[in-house]
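Single-letter residue listing:
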Amino acid sequence: MKNKEIYLDACKTSKLDPEVLKEMLPYFTEKFWYPGNFTSIGNEIADALQNSKETIASSLSAKPKEIIFTSGGTDANNIALKGLMAAWENTGKHFITSKIAHPSMLKIFAALEKQGYEGSYISADQDGYLDLDELKKSIRKDTTLIAFTHVNHTLGTIQKIKEISEILKRQDHKINFFIDSCEAYAKIPINVEELGVDSLSISAHKFNGPKGVGALYIKTGTKMVQTQQGINRFQALKPGAINVPAIVGFAKIVELIFKNFSNYRNYLGKIQKLLYDGIVKNIPDIRLNGPKIGKRSPAHLNITFYYAEGEAIMMMLDFENIHVATGSACAAKDLKANYILRHTGRTHEECNSSIRFTLDKFISTTDVERTVKVLTEVIQELRRRSPLGKNRM
Amino acid sequence: MAIKYSEKVIEHFKHPKNIGQIENPDAQATEGSPSCGDQLSIYLKVNPETNVINDIKFESYGCASNIATASIITELAKGKTIEEAKNISWKKAADDLGGLPPVKMHCSVLSVDALRSAIKNYEEKHLGKHFDNSLSKKNIEKELNKIIYGKVGVDIITLKMVKYIGIREANKVIIEIEIAKDDPFFNEINDEIQERLEKFPNIEKIVVASVLEVF
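Residues numbered from 1 in each chain as written. Chains lettered and ligands numbered in written order. Predicted model: local features only at pLDDT ≥ 70, side-chain atom pairs only at ≥ 80, totals over all residues. Heavy atoms only, no water.

### Some remarks on the packing of helix H9 (residues 261-282) of chain A against helix H13 (residues 365-385) of chain A
Residues and elements named next belong to chain A. To keep things clear, this is the line we draw: Lines fitted to C-alpha atoms define the axes here, with helix axes fitted over just the stretch in contact, and angles between the N-to-C directions of these axes take values from 0 to 180 degrees. Put simply, DSSP marks the helices as runs of H or I at least four residues long and the strands as runs of E at least two long, and each gets a number from the N terminus on. Reported orientations rely on four angle classes, namely roughly parallel under 35 degrees, roughly antiparallel over 145, roughly perpendicular from 65 to 115, and oblique for the rest. The sense of a crossing depends on the near helix, which, turned anticlockwise from the far helix by less than a right angle, makes the crossing left-handed and, turned clockwise, makes it right-handed. Note on contacts: a residue pair is in contact if any heavy atoms of the two residues lie within 4.5 Å. Put simply, Ala, Val, Leu, Ile, Met, Phe, Trp, Tyr, Cys and Pro go in the nonpolar bin, Asp, Glu, Lys and Arg in the charged bin, and everything else, Gly too, in the polar bin.
It is the contact of H9 with H13, at a shortest axis distance of 10 Å, that shows an interaxial angle of 25 degrees. In this view, H9 runs roughly parallel relative to H13, as classed from their interaxial angle. Helix-helix and strand crossings are classified by hand; for H9 and H13 the assignment is right-handed. The residues of H13 that touch H9, namely those facing Tyr267, Lys270, Ile271, Leu274, Leu275, Gly278, Ile279 and Asn282, are Thr365, Val368, Thr371, Val372, Leu375 and Thr376. Here the residues of the contact of H9 with H13 sort into eight nonpolar, five polar and one charged.

Right, here's the structure in full:
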């Protein structure tokens, strides 16, 4: 019989909370309608959508009208980045992002560059913090957008968003500030007013919400061109069919998590520390990638296990029904080592031996204990097989 | 699409044969490097009368397919003469494993490479053979023959992707390959060419150009 599944890859995607599924089900079966005017069923759906919007808005300290629902983080990023660049192209066609931004942003920017826009890519230090001096030097008269990832998906580094906002405020022309908060949301507190951002994206499936739904915050008064066209049933920037069950599920998971957000965060932090301490205690020759425990997102842990290769570690854990991710080139479709670890100064070997653990509320302390036990055995076995590190102390 | 291993690869990865070192081996070789992903060391014990490989062991810093291909290759080589073992091809190893995903074929090449290098090491040490390791077109081609285009899992020579090999003054090598610069495997192939050719003594500079860019 297979061991109980221990899923430690929540930031790739996560298990749907059963309570959320329960909330969603009627919207697949009986309440399948669209919002509409003058009918009872239309009004009921309109109310459900409005309530969902209010729940999401409140979790970000935003106004409901500043939220639009999207089909996920990638969709939200596409709407915002393309819409902002197009809206401001008479002012300038230069954007600034970072070398360690999430691929969904980097791919959009690569496409924009092919259309004649120009980009600057800011470096990061060894813990994944952006070089703010380089940012200041990169700002030009024709810079119209600065877009960063709020919490790094590989390292869990939390960028100093307020400091960046302050830099932008001191400029003599308007520069839009966008952040991708898909890995930050429901992990760290977010207040859009305090952060000083113009637009921000989030996604539901990384903290036990449904897949295929996300949201985009757009500060009142922000100029953004509509990049998708179709029937406007609910919101102009995202026309077409409305995924009502997913939106309702999104709001439900947000309600559950934010009901007692500090407890929830403390729990993730406790699990993270337990896992890290267990690894440090039992496995020699490791390296924590990214900021110290307590200074990073409570859901992210990334560790290099020297002399053992990442894909092999990942697969051996998988045989024991423990699921993680790796930055190893061997596990990548294009055989490239993780670019974030590379850009934060890790060697190819360190990338190839790296494992990412990302957490959600379903991980128990017993799960962590078993993970540490199995991981210790796996690393021992792979090091026994390895020609590397044999002469170490 | 997700990449999947055959059951046989999984079996050899879970329970690899011939893991470890041989004390006082008759020959040994290490191929690959942790920076390119995998490193494999092979150790041989050979009967001096018959040239039969009596014992063979390996150590691998590598992924599942690396460990599995090394396991099967050492099984195939054990009990064979060194001449027979030289003829074990990476295609044979991959076939015996029930196939490998194209992107993983290079693991099979690495294993065969390490086996052949260990045999070469034996021939040099014990049979007094000398090998021509000079920087020549022929030897460069031999190295390029081991580089797999991950999209299809075949080497770049067989695929006729190598359009030009030139050795200029001051041992500058120019290789032109038919691949787009934005091909997802361009950097990987470029890195591997650099890594393989750097082994030649006296090499000064290696330039890899994409033919699609040149014309």
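Let us keep going from here.
### Observations concerning the pairing of strand S5 (residues 143-149) of chain A
All names here are of chain A. This is how the line gets drawn: Exposure categories follow from relative accessible area, calculated using a 1.4 Å probe and restricted to protein chains: below 20% of the type maximum is buried, above 50% is exposed, and the middle band is partly exposed. Two strands pair if DSSP finds at least two bridges between them. Seen with the strands pointing away from the viewer, any crossover whose path from the first strand over the helix to the second strand runs clockwise is right-handed.
The buried fraction of S5 amounts to seven of the seven residues, a majority that puts the element mostly inside the structure. Examined bridge by bridge, strand S3 (residues 94-98) and S5 share three bridges and lie parallel to one another. Its bridge partner lying in S5, His94 is registered against Thr143. In terms of strand pairing, S5 meets strand S6 (residues 176-180) through five bridges, oriented parallel. Residue pairing in the sheet places Ile146 in a bridge with Phe177 of S6. Between the parallel pair S5 and S6, the chain is carried across by helix H6 (residues 161-169), and the sense of this crossover is right-handed.

### Brief notes about helix H4 (residues 103-114) of chain A
Residues and elements named next belong to chain A. We apply this condition: By definition here, a helix of n residues has an expected span of 1.5 Å times n minus one. The arc refers to the directions leading from the helix axis to the C-beta atoms.
End to end, H4 covers 16 Å across twelve residues, agreeing with the expected 16 Å (1.5 Å per residue, within 8%). Turning to H4, its buried residues number three or more, namely Ser104, Met105, Ile108, Phe109 and Leu112. Down the axis of H4, the buried set is contained in an arc of 130 degrees. They therefore lie on one face. For H4, the exposed residues lying more than 90 degrees away from the buried face are Lys107 and Lys114. Where H4 terminates, the next one or two residues include Gly116, which has phi positive at roughly 105 degrees.

### Side note on the interface of chain B and chain A
Size of an interface, as often reported, equals the accessible area lost when the parts are brought together. Using the following cut-off: One side-chain nitrogen of Lys or Arg within 4 Å of one carboxyl oxygen of Asp or Glu is enough to make a salt bridge. Any pair of N or O atoms that falls within 3.5 Å is considered a polar contact. Within protein, one atom must be able to donate a hydrogen and the other to accept it, and sequence-neighbouring residues count only if both atoms are side-chain atoms.
Counting from both sides, the interface comprises 30 residues of chain B and, opposite them, 25 residues of chain A. Scanning the region where chain B abuts chain A turns up one salt bridge. Joining chain B to chain A, the criterion identifies ten residue pairs in polar contact (both at pLDDT 80 or more). Of all elements in the fold, only helix H1 (7-14), strand S2 (39-46), strand S3 (53-61), helix H2 (64-77) and helix H7 (186-197) of chain B reach the threshold of two or more residues within the side of chain B that touches chain A. A class-by-class count of the residues in the side of chain B that touches chain A yields 16 nonpolar, nine polar and five charged.

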